[in-house]
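# Observations on the model geometry
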Amino acid sequence: MPTPHNSAAPGDFADVVLMPGDPLRARHIAQRFLEDAREVTSVRGMLGFTGTHQGRRVSVMGHGMGIPSLSIYTTELIREYGVKVILRVGSCGAIREDVKLRDIIVALGAGTDSNVNRMRVGGHDFPAVADFTLARQAVEAAEKRNRPVRVGSVFTSDYFYTPAVEKQKTALFASMGVLAVEMEVAGLYGVAAEHGARALGFLTVSDHLLTHQSMSATERQTTFDEMIELALDVAHAQ
């Protein structure tokens, strides 16, 4: 303590951490939803905060873009700071016509073009799936709030700017029921499985790969409050 990427002291993090990719979104969540939030780390600009939400101690921290960045921060949170539950609260790009901009997705599982999970299990396929209890609690929370969510699989890509040769695969994924593309969930589920934590990915559709609709950077930073409320409901259930 501290780690190479986290300046927090022992005990600074709650057992449940909400993790957006953008550290500025982490700050927004702390300011908007947490009482008595204080900054506990800012190494490399990756902001982390801890406070309370309706009496429940909760932390929020950015994880950056892509599996490598997320893997660094989540591994250290679990292994060095004793975090038990990580809830990714991120954005994604829809690849099906029936998935709309601003829809909330609960990611039950994630395929990936990354090799990290295969490396974890000696080159074999790894089932990158959410913790079932967390997923069930998310759906129950959405039902109580009368807030529709999409539940299913996503694809975690190493690419943001996808090479032309890869773009043809999007239609195949969609035909097999994949709801959206993002860049971290499969890595999160692999880290959680390896280190004995529990994890769930919440995703708000910020872009649509078929209609080319998209949110601005500012909208992505500040307009995901409905997803955050569901994640906090799940945090309270722990």
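Heads up: the structure comes first, above all this text.
Okay, so let's go over this structure.

### What about the nonpolar core?
Formed by 68 residues in total, the largest nonpolar core has its most connected members in Phe-13, Leu-18, Leu-87, Ile-105, Tyr-189, Leu-200 and Phe-202. Considering each element in turn, this core owes the most residues, seven residues, to helix 9 (residues 225-236). The residues contacting Ile-105, other than those within four sequence positions of it, are Cys-92, Val-99, Arg-150, Val-154, Leu-179, Ala-180, Gly-201, Phe-202, Leu-203 and Val-205. Within the second largest apolar cluster, six residues are counted, among which are Ile-95, Phe-173, Ala-174 and Val-178.

### A short note on the pairing of strand 1 (residues 16-19)
Two faces belong to every sheet, and in a regular strand the side chains alternate between them. Burial along strand 1 is two-sided: the face carrying Val-16 and Leu-18 and the face carrying Val-17 and Met-19 are both buried. With four bridges connecting them, strand 1 and strand 5 (residues 85-94) associate as parallel partners. The residue of strand 5 that forms the bridge with Val-16 is Val-85. Summarising the sheet, strand 1 and strand 4 (residues 56-61) pair through two bridges and their orientation is parallel. Within strand 4, the position partnered with Val-17 by the bridge is Ser-59.

### Looking at helix 9
With 12 residues, helix 9 should cover 16 Å at 1.5 Å per step; its first-to-last C-alpha distance of 16 Å lies within 8% of that length. Buried residues of helix 9: Asp-225, Met-227, Ile-228, Leu-230, Ala-231, Leu-232, Val-234 and Ala-235, and no others.

### Some points on the environment of Tyr-73
When you line up the elements, Tyr-73 lands in helix 2 (residues 67-81). Under the relative-accessibility criterion, Tyr-73 is labelled buried at 7%. For the pair Tyr-73 and Met-61, spaced 12 residues apart in the sequence, the C-alpha separation amounts to 8.9 Å. Ignoring any residue separated from it by four or fewer positions in sequence, one finds Tyr-73 in contact with His-5, Met-19, Val-43, Arg-44, Met-46, Met-61, Gly-62 and His-63.

### Structural notes on the packing of aromatic side chains
Two numbers describe a pair of aromatic rings. These are the distance of the centres and the angle of the planes. Tallying each qualifying case throughout the model produces three aromatic pairs. With 4.3 Å between their ring centres and 25° between their planes, Phe-155 and Phe-173 make a pair best called stacked. On the criterion of sequence distance, the pair formed by Phe-155 in strand 7 (residues 150-156) and Phe-173 in helix 6 (residues 169-175) is long-range, its members being 18 residues apart. Classification of Phe-155 as buried rests on a relative accessible area of 12%. Relative to Tyr-161, the ring of Phe-160 lies with its centre 5.0 Å away and its plane at 85°, an arrangement referred to as edge-to-face. As far as burial versus exposure is concerned, Phe-160 and Tyr-161 are alike and both exposed. Stacked on the ring of Phe-33, the Lys or Arg Arg-32 has its end atom at 4.7 Å from the ring centre.

### Thoughts on helix 7 (residues 185-195)
Judged by how many residues are buried, helix 7 sits mostly within the fold: eight of 11 residues are covered. Turning to helix 7, its buried residues number three or more, namely Val-185, Ala-186, Gly-187, Leu-188, Tyr-189, Gly-190, Val-191 and Ala-192. Gly-196, located one to two residues past helix 7, shows a positive phi value of around 80°.

### A look at the pattern of salt bridges
Any two side chains of opposite charge can pair, so long as their charged atoms come close to each other. Evaluated as defined, the whole model comprises 14 salt bridges. Note that Arg-56 and Asp-15 form a salt bridge whose closest N and O atoms lie 2.6 Å from each other. Residue Arg-56 is found in strand 4, and its partner Asp-15 is found in the segment before strand 1; the two are separated by 41 residues along the sequence. Through salt bridges with shared partners, a single ionic network connects Arg-145, Arg-147, Glu-229 and Asp-233.

Scoring rules and cut-offs
- Residues numbered from 1 in each chain as written.
- Predicted model: local features only at pLDDT ≥ 70, side-chain atom pairs only at ≥ 80, totals over all residues.
- Heavy atoms only, no water.
- Core = buried A, V, L, I, M, F, W, Y, C linked by side-chain atoms within 4.5 Å.
- Buried < 20%, exposed > 50% of the residue type's maximum accessible area, 1.4 Å probe, protein only.
- Helix = DSSP H or I, 4+ residues; strand = E, 2+ residues; numbered from the N terminus.
- Contact = heavy atoms within 4.5 Å.
- Pairing = 2+ DSSP bridges.
- Expected span 1.5 Å × (residues − 1).
- Phe/Tyr/Trp six-rings, centres within 6.5 Å; stacked < 30°, edge-to-face > 60°.
- Lys NZ or Arg CZ within 6 Å of the ring centre and 35° of its normal.
- Salt bridge = Lys/Arg side-chain N within 4 Å of Asp/Glu carboxyl O.

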